[in-house]
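Coordinate analysis (summary)
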Amino acid sequence: MIKAVDIHKSFGNLEVLRGVSLSVARGEVVSIVGASGAGKTTLLQILGTLSSPDSGRIEIGGCDVTALGDRELSRFRNLNIGFVFQFHHLLPEFTAFENICIPGFIGRRDRREVERRAEELLSVTGMTHRRDHKPGSLSGGEQQRIAIARALINSPSVLLADEPSGNLDSRNREEIHRLFFELRDKLGQTVVIVTHDESLAAAADRRIVMSDGLILEP
């Protein structure tokens, strides 16, 4: 599903990624761990097409995304990549249901299709009972579940998560961890997670260790 070949990235004189190559199979849950500054988030941003490598190639679902123009890349990202961050970034003026629908509407998909998918994802994430609540009335764990559902609204090929449970208490953290594996089992979802949480990293199908811009353990 994901293939990265010899990825290099520098910011000024600082070389953050120094020839990173990896592959992720369809339906695989992969964790990426390492000390702060190892290059984990930079790699995730490049895999998600939010940042461009200085050199190297990224393929997602067989598409060489490094060869796409800006408009094509934006369209590809909206339809094929879901993002979950440490902070949920839900829009406070919209309900949970409306927040989930937004990327589908941005992608100009049929409204009925988007709303049907949103109802399905509310069920999958255990949030049907909070459908019409706004983010301010949801707990941190509930907000993150809605953020995950939003990331899945366009049925992306890949779900990328950056410290998805880093802002949660232990109970909600465990529930969010369990949800990622349920998504793999129920939807066949491919998931790449950057995390400092060793319990989540260890539970993944594969744990990748990064240090100083390199992968130490594939």
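My aim in this report is to walk through the structure given alongside it, one point at a time. Here the residue index of a chain counts from 1 through its sequence in written order. Selection of residues for local features in this predicted model requires a pLDDT of at least 70, selection of side-chain atom pairs for listing and counting requires 80 or more, and totals for whole chains, interfaces and linings are taken over all residues. Hydrogens and water molecules were not included; the side-chain quantities draw on all heavy atoms of the structure.

**What about the overall build of the chain?**
Along the backbone of the chain there are seven helices and ten strands. Throughout, the radius of gyration refers to the C-alpha atoms, and the reference size of a globule is 2.2 Å times the residue count to the power 0.38. Its C-alpha atoms give the chain a radius of gyration of 17 Å, near enough to 17 Å, the size a compact globule of 218 residues would have. Each of the three principal axes of the chain carries a C-alpha extent, and together these read 50 × 40 × 30 Å. Whether two residues are in contact is decided by their heavy atoms, any of which lying within 4.5 Å being enough. When contacts within the chain are restricted to residue pairs at least 6 apart in sequence, those whose partners lie at least 24 apart make up 70%. Carbon and sulfur atoms form 48% of the exposed surface of the chain, whose accessible area is close to 10,100 Å². Per the convention used, a helix needs a DSSP run of H or I reaching at least four residues, while a strand needs a run of E reaching at least two, with both numbered from the N terminus. Accessibility throughout is a Shrake-Rupley quantity obtained with a 1.4 Å probe, and a residue counts as covered only by protein chains that appear here.

**What about the pairing of strand E8 (residues 190–194)?**
With five of its five residues buried, E8 lies for the most part within the structure. Residues Thr-190, Val-192 and Val-194 line one face of E8 and the alternating positions Val-191 and Ile-193 line the opposite face, and both faces are buried. Pairs of strands are assigned from DSSP output, requiring at least two bridges between the strands. Here strand E3 (residues 29–33) pairs with E8 via four bridges, running parallel. Paired with Ser-31 across the bridge in E8 is Ile-193. Bridging between strand E7 (residues 158–162) and E8 involves five bridges; their strand directions are parallel. By the bridge assignment, Asp-162 is partnered in E8 with Val-194. Accessible area is worked out with a 1.4 Å probe on protein chains only. A residue is then buried under 20% of its type maximum, exposed over 50%, and partly exposed in between.

**Thoughts on the sheet that holds strand E2 (residues 14–24)**
With antiparallel pairing, four strands are arranged side by side in an open sheet as E2-E1-E4-E5. Lying at the two open borders of the sheet, with one neighbouring strand each, are E2 and strand E5 (63–64). The pairing of strand E1 (residues 2–11) with strand E4 (residues 55–60) spans five bridges and is antiparallel. Residue pairing across strands places His-8 opposite Ser-55, the latter belonging to E4. In the packing of helix H1 (residues 40–47) onto the sheet, contacts are made with E1, E2 and E4, and the angle to E2 comes to roughly 60°. Think of each axis as a best-fit line through the C-alpha atoms, taken over the contacting stretch in the case of a helix, with angles from 0 to 180 degrees between the N-to-C directions.

**Here we look at the nonpolar core**
Side-chain atoms within 4.5 Å link the members of a nonpolar core, which is a set of buried Ala, Val, Leu, Ile, Met, Phe, Trp, Tyr and Cys residues. If you look at the biggest cluster of nonpolar residues, it comprises 32 residues, and the most contacted ones within it are Ile-100, Ile-146, Ile-148, Leu-159, Phe-180, Leu-183 and Ile-193. Of all the secondary structure elements, the ones that give two or more residues to this core are helix H3 (96–106), helix H4 (111–124), helix H5 (140–151), E7, helix H6 (170–187) and E8. Counting residues in each nonpolar core, the second largest holds 29 residues, with Ile-32, Leu-73, Val-194 and Ile-208 among its members.

**Focus on the pattern of salt bridges**
We define a salt bridge as a contact between a side-chain nitrogen of Lys or Arg and a carboxyl oxygen of Asp or Glu at a distance within 4 Å. With the rule as written, the count across this model stands at 15 salt bridges. Notably, a salt bridge pairs Glu-113 with Arg-109, separated by 2.9 Å at the nearest N-O pair. Measuring nitrogen to oxygen at the nearest pair gives 3.9 Å for the salt bridge that ties Glu-175 to Arg-145. With Glu-175 in helix H6 and Arg-145 in helix H5, this pair connects stretches of sequence that are 30 residues apart. In this structure Arg-145 comes out as buried when scored by relative accessible area, which is 14%. Overlapping salt bridges bring together Arg-116, Arg-117 and Glu-120 as one network.

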